[in-house]
Amino acid sequence: MSAFAESTSETAVPGAGADLLAALLDGMDAALCAFDADGTVTHWNREAERILGWTAGEAVGRRGFEGWAARSADAEETLGRLMGAMKGPGRQVHEFVLLRKDGGRVLVRSQAAGVRGADGVPAGVYCAFSEVHVQLDLERSVALSEALFDDASWGVVLVDADLRPAMVNAHAARSFGAGRTTLLGRPLGEVVVHGAEELEAAFQHVLAEGTPPAPAEVWVTLRTASGERRRCWRSGFLRLGSPMTEAAVPLGVAWLFQDVTEERFALREADRLRFRWSQLHRAGAAAAECEDPAEAASVLLEFALAGFADHALVDRVAGDRRLTRALAVPASVPGPSSPPVGGGIPLRYGPRHPALQAWDRTGAVRASAGRTAEVWAEAHQWPGDAAHALCVVLRSRGRTLGVLTFLRAACRPAFEREDVVLAESVATGVASFLALGDGHGDGPPAY
């Protein structure tokens, strides 16, 4: 575009050039006006007309805003601030009050910049403006985006239509154990060992059906430099559509999540403890109805196995470092190589057998088979599916009566320190019943 003096209205530029310029200006979302070097309005688009009510025919050709779009007291100052951009570098931002055609006042924020002619001489100023509340809405949106991707205490990931991360905030990058740029454009399966399929299915659903009504909890296993980590993320999903098109065109998905792993583990542990101690209470009540102490001990062990272990074995003391098998619960599981229950035949336990170690320590011993579970179980004279063991001593009235062994199959996790508390509580009850059968007890244990 040449100097503003050569194009002072939509009709001042002949031919197709004028039509193209008018179409470009009228198609802009921002209100635009321009002034020549003398401060005369040369351009006024449809958005400026929408905000203030003055048409291009009424605005073009006027000098400044005095007498029509601004109060007389403010008009010269407003024009002077705008025209100051003609000589200054870059853009200048101003806020001032203009008048609508109906007499109403509107606060606008403008960006003004100078225009130079072909000879480098200042030729005028162009000014883009909008109502302040509209500008504030835009700034809030931008500020929200920047806050989410810089300071948010949630993980935020923008996923494109190909289901690959396009933007990742710092919190999300820490949760993944990777850098923010490392994740961009890569399939989630490269960092998520388990759970990537569920996440991608959620993204596809959101792209097709829209934002779900409630958050969802997703369990994932992450691949990190220190190994694999199991995490639970409470996730919310938002479908992103383009505001620049008439029809809704999905641009991707905004995924916001919080790590609730510790909270879930705590709830799971509380549920497990509640179930275990409820079982122990029921076991005590059922065992108290048994006349035979051995039967009572067996009932107690049957209740204790639920959700805790697969087998329970009771070995009685039969001399110096010798044990005999007294109970096996459930009774139908011992294999052909398992020792008989009763009969007083000593078990062929080696010197480092976990049951003997528990006897020597008068405490609990945990052991696991590793990869050779069948050989390990046979060597210890335990059922063939045993892969994890927990041995605790049976004590009553200051005497060691034997050893109680709980066994888990390979499909279960190994015994943990928290499991010892329940095992020792069960052992106390079993020892009391065994002592009662020997004639040394004072009665069944109370629960």
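Residues numbered from 1 in each chain as written. Predicted model: local features only at pLDDT ≥ 70, side-chain atom pairs only at ≥ 80, totals over all residues. Heavy atoms only, no water.

Going by the annotation in an unreviewed UniProt entry, the name recorded for the protein chain is PAS domain-containing protein, with Streptomyces bikiniensis given as the source organism.

Engineer: How should I be thinking about the environment of Ala-377 in this particular structure?
Structural biologist: Counting through the fold element by element, Ala-377 comes out in helix α11 (residues 373-379). In the structure, Ala-377 is positioned ten residues away from Ala-387 in sequence and 7.0 Å away in space, judged by C-alpha atoms. Dropping the residues within four chain positions of it, Ala-377 is found in contact with Trp-382, Pro-383, Gly-384 and Ala-386. (Helix = DSSP H or I, 4+ residues; strand = E, 2+ residues; numbered from the N terminus. Contact = heavy atoms within 4.5 Å.)

Engineer: How should I be thinking about the environment of Pro-213 in this particular structure?
Structural biologist: Inspection of the secondary structure assignment puts Pro-213 in the loop between α7 (196-209) and β9 (216-224). Given a relative accessible area of 90%, Pro-213 falls into the exposed group. (Buried < 20%, exposed > 50% of the residue type's maximum accessible area, 1.4 Å probe, protein only.)

Engineer: Please explain the environment of Ala-414 as it appears in this structure.
Structural biologist: With respect to the secondary-structure elements, Ala-414 resides in the loop between β16 (399-409) and α12 (417-438). Overall, the relative accessible area of 31% leaves Ala-414 in the partly exposed class. It is 7.8 Å that separates the C-alpha atoms of Ala-414 and Ala-389, two residues lying 25 residues apart in sequence. When neighbours within four sequence positions are excluded, Ala-414 is seen to be in contact with Ser-368, His-388, Arg-408 and Asp-419.

Engineer: Help me out: how do you make sense of the sheet that holds strand β4 (residues 105-116) in this one?
Structural biologist: The strands making up a sheet associate through backbone hydrogen bonding, with each pair oriented either parallel or antiparallel. The strand order across the open sheet built from five strands is β2-β1-β5-β4-β3, with neighbouring strands paired in antiparallel fashion. If you trace the sheet from one side to the other, it starts and ends with β2 (41-44) and β3 (92-99), each paired once. Shown here is a sheet whose adjacent strand axes are inclined to one another by a mean of 30°, direction ignored. When β4 meets strand β5 (residues 122-131), the two strands line up antiparallel, connected through nine bridges. Across the sheet, the residue bridging to Val-108 is Glu-131, located in β5. Strand contacts of helix α4 (residues 72-83): β1 (31-36), β3, β4 and β5, with the helix running at about 155° to β3, the strand carrying the most contacts. (Pairing = 2+ DSSP bridges. Axes fitted to C-alpha atoms, helices over the stretch in contact; angles between N-to-C directions.)

Engineer: Explain the confidence of the model for the protein chain here, please?
Structural biologist: Parts of the model with low pLDDT should not have their predicted coordinates read in detail. When pLDDT is averaged across the protein chain, the result is 83; 85% of the residues are at 70 or more. Predicted confidence for residues 1-14 stays below pLDDT 50, and this span has 31 contacts to residues more than four positions away or in other chains. (pLDDT = per-residue confidence, 0-100.)

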